[in-house]
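For reference, the chains in residue letters:
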Amino acid sequence: MCRRAQAILAVLGIFFWAASSSKIRSKDALTQATAKNYTQVPGEGWCTDDIGINEATARRFEQVNCTRARNMCDSDAACVAYACMNGTFHGPVWSVLYTTTGCEVHCGETGWQTNPRLITKAQYTQNQPAWQTARCHVAYQPLNNDLCDSAGFMNSSTAVHSNAWTLQAATSEADCASKCIASAGCMAWTGNTSDWNFCYTTATYTRTQSAWPQQYTGQLKCANAASCGAFVKSNTSLGDPPGHSGSPWVLLPATSKEDCVAQCRYDSTCKAYKGGDDTGCALTPNQPCTDFTCYLTSHYSITSLAWETDGPDWEGAYRSGC
């Protein structure tokens, strides 16, 4: 939770609620309430990405309970998630809506609106103890709708590597993305969210499981979903290709098998995936699993060995035309 947001909560108090309730909101974003399908992600606190306490995204605060927060998110087409306190901690109950409508903090950072699947868990800090009672609820949309944006890019939740980055001067995230669109053969871009003069584009890249450097983000150009043919489920395990130095498999955050498959389907470098529900899901069989161990690769071999037993229902598939 950034210092500016802390100051808003501490100084403005009840006036903050009155002001935010009366502010004019975008008519385009507000719609008749339609119930969304929310998933409660693991952890306690406000919504974060897989890196951790990374909440530098468009949002606003409301002094409302969970039921009211959900209704407000349902009524807002731009709202992709909300987090709310359950009221057991002494003090006022607050909720945060992750939306550009009536935005109050980090309004220019809209990556979560483009791809809600970047939200993977909830977390809080010790200097914000009231948020330990909060839970994060994400309105994951159908994968084909929210993985690739209208410009044909998908967010990369982990850093990508390239030996051929080209520096581009940009003024915003959208401008940086436009540099890639305008560059022949560009397949990925990355930029510094605090200084868009550091915008880079490239025609070649490799996925990694490392976090982006601090304040950096990036996107991959979505491939034609049918370019490599359908996925063929492998009855035996998929391993490293012979003679390959180091494992080519990259572990990436995913919320489900469908999410893992989609990340491979729209990545022009991905030829196969493998994984399974996180082991912890076996401990709560009556609860939906929101964490999928997902490995993607550009090189693989089909082995004669049985599938790994790292987690329940481990499986994998490769692209038939690649």
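Reading the values: the criteria
Per-chain numbering applies: the sequence of each chain, read as written, is numbered from 1 onward. The predicted nature of this model means local features are confined to residues of pLDDT at least 70 and side-chain atom pairs, given and counted, to a pLDDT of 80 or more, with totals for whole chains, interfaces and linings taken over all residues. Only hydrogens and water are set aside when side-chain values are computed; all heavy atoms of the structure are taken into account. Each helix is a run of DSSP H or I of at least 4 residues and each strand a run of E of at least 2, with the numbering of both proceeding from the N terminus. Only heavy atoms enter the contact rule, under which two residues are in contact if any of them lie within 4.5 Å. Note on areas: Shrake-Rupley, 1.4 Å probe, and residue coverage restricted to the protein chains presented here. Buried residues are those whose accessible area, probed at 1.4 Å on protein chains only, stays under 20% of the maximum for their type, while exposed residues exceed 50% and partly exposed ones sit between those limits. Residues counted as positive are Lys and Arg, residues counted as negative are Asp and Glu, and His and the chain ends are not counted. Each reported salt bridge corresponds to a side-chain nitrogen of Lys or Arg within 4 Å of a carboxyl oxygen of Asp or Glu. Strand pairing is assigned whenever DSSP identifies at least 2 bridges connecting the two strands. Where helices are involved, their axes are fitted lines through C-alpha atoms of the stretch in contact, as for all axes, and angles between N-to-C directions lie from 0 to 180°.

> Hey, could you run me through the overall build of the protein chain in this one?
Counting secondary structure elements, the protein chain contains six helices and 21 strands. Partitioning the contacts of the protein chain with sequence separation of at least 6, the portion at a separation of at least 24 is 76%. Just so you have it, the protein chain exposes about 15,200 Å², and 52% of that area is on carbon and sulfur atoms.

> What exactly am I supposed to notice about the side chain of Asp 175 here?
Residue position: Asp 175 is located in helix H5 (residues 173-182). Despite its burial, Asp 175 pairs with no opposite charge; the closest candidate is Lys 179, at 4.0 Å N-O. Excluding anything up to four places from it in sequence, Asp 175 contacts Ala 169 and Ala 170.

> Explain the pairing of strand S18 (residues 272-277) here, please?
For a regular strand, the rule is simple: side chains alternate between the two faces of the sheet. Counting buried positions along S18 yields five of six residues, so the element is predominantly enclosed. Relative to strand S19 (residues 292-297), S18 is paired through six bridges, and the arrangement is antiparallel. Within the sheet, the bridge partner assigned to Ala 272 lies in S19 and is Thr 297. As defined by bridge partners, S18 adjoins strand S21 (residues 315-319) across four bridges and the pair is classed as antiparallel. Counterpart to Lys 274 in the pairing with S21 is Gly 316.

> Which parts of the structure should I look at to understand the sheet that holds S18?
Paired through backbone hydrogen bonds, the strands of a sheet run either parallel or antiparallel to each other. Ordered in space as S15-S21-S18-S19-S17, the five strands form an open sheet in which the pairing is antiparallel. Across the chains shown, the open sheet's two edge strands, defined by having one partner strand only, are strand S15 (231-233) and strand S17 (250-252). Here the strands of the sheet are splayed against their neighbours by 25 degrees on average, with no regard to which way each runs. Of the strands in this sheet, S15, S17, S18, S19 and S21 touch helix H6 (residues 257-265), which is tilted by about 15 degrees from S19.

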